[in-house]
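The primary structure of each chain is shown beneath.
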Amino acid sequence: HPVPMAAPSPDKLRRVLSYWAATAVLYFFCAALVFHEISKGLISPGLGWTAVAFPVVGLGIFYILIRSAHRLGIPNWRLAYSQAIFAIAYDLLLYVVLQHVHAAMLIGLPVIIVFCAFALRPRQTVALAALGIGIALFVGCSALSLRLLAGPVLVARLGALAVMAAGLAVARELAVAGHRVT
């Protein structure tokens, strides 16, 4: 029989929910950007609404999981890792959808990785960063994006990849330091 997890303290639950709320604010900012792009006719409404619905559904699911993680036996690190993978997927969805600012969307990847470094073990942080960079490279080299691979866009992508690599190094060190403290 699985051993039931202890209920989180009110302070810990409040802290986790405040991180969830901060993420929700960022997702809604991105949704506003998508709405702006739709209103200007820069992206199709169907694609735009997909980019808006994705985080709304994710926020709902993760809220329920956060509130019931102890009853479901979900460890904190697994929940944090799942949320980080979701955030990476959303960031890359925005990268594809928001063609006018797509290179700027890549800057979100190291932010996601560094933000999650405190909740993850060093190996998990490195795996998350490798996953994010690998998917970003795949999406960046896809047929959809190859038509954009020229001049300043290439420089922006290379710069974003350099920032991601630096973010990986920082995230790993933060994870190692955080793991030593706990």
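Residues numbered from 1 in each chain as written. Predicted model: local features only at pLDDT ≥ 70, side-chain atom pairs only at ≥ 80, totals over all residues. Heavy atoms only, no water.

Draft legend 1. Spatial organisation of the nonpolar core. Counting residues in hydrophobic clusters, the biggest one holds 39 residues, and the most contacted among them are V34, L94, L98, L109 and L128. Of all the secondary-structure elements, those providing two or more residues to this core are α1 (10-39), α2 (45-72), α3 (76-97), α5 (108-116) and α6 (122-140). Of all the elements, α3 adds the most residues to this core, at 11 residues. Apart from the residues lying within four places of it in its own chain, the contact partners of L94 are C30, V34, A51 and M105. (Core = buried A, V, L, I, M, F, W, Y, C linked by side-chain atoms within 4.5 Å. Buried < 20%, exposed > 50% of the residue type's maximum accessible area, 1.4 Å probe, protein only. Helix = DSSP H or I, 4+ residues; strand = E, 2+ residues; numbered from the N terminus. Contact = heavy atoms within 4.5 Å.)

Draft legend 2. Structural view of α5. Within the span of α5, buried status applies to L109, P110, I112, I113 and C116. Projected down its long axis, α5 shows its buried positions confined to an angular sector of 155°, all on one face. (Arc of directions from axis to C-beta.)

Draft legend 3. Broad picture of α1. Between its terminal C-alpha atoms α1 stretches 42 Å, which fits the 44 Å expected from 30 residues at 1.5 Å a residue. Along α1, the residues that are buried comprise L13, L17, A24, Y27, C30, A31, V34, E37 and I38. Elements that come into contact with the buried residues of α1 comprise α2 and α3. Of the residues flanking the end of α1, it is G41, one or two places downstream, whose phi is positive at about 75°. (Expected span 1.5 Å × (residues − 1).)

Draft legend 4. The arrangement of the side chain of E37 in detail. Within the secondary structure, E37 is located in helix α1. The buried charged residue E37 lacks any salt bridge, with K40 as its nearest oppositely charged partner at 9.3 Å. Once you skip the residues sitting within four places of it in the chain, E37 turns out to touch L42, I43, L98 and H100. (Lys, Arg positive; Asp, Glu negative; His and termini not counted. Salt bridge = Lys/Arg side-chain N within 4 Å of Asp/Glu carboxyl O.)

Draft legend 5. The arrangement of the packing of α3 against α5 in detail. The geometry of α3 relative to α5 is characterised by a closest axis approach of 10 Å and an angle of 170° between their N-to-C directions. Compared by their axis directions, α3 and α5 come out roughly antiparallel. Residue-level contacts link A80, A84, A87, I88, D91 and L92 of α3 to G108, L109, I112 and C116 of α5. The class makeup of the residues in the contact of α3 with α5 is eight nonpolar, one polar and one charged. (Axes fitted to C-alpha atoms, helices over the stretch in contact; angles between N-to-C directions. Parallel < 35°, antiparallel > 145°, perpendicular 65-115°, else oblique. Nonpolar A, V, L, I, M, F, W, Y, C, P; charged D, E, K, R; others polar.)

Draft legend 6. Structural detail: the side chain of S68. Topologically, S68 is positioned in helix α2. You can call S68 buried: its relative accessible area is 11%. From its side chain, S68 meets the backbone oxygen of I64 in a polar contact 2.7 Å long. (Polar contact = N/O pair within 3.5 Å; in protein donor to acceptor, adjacent residues only side chain to side chain.)

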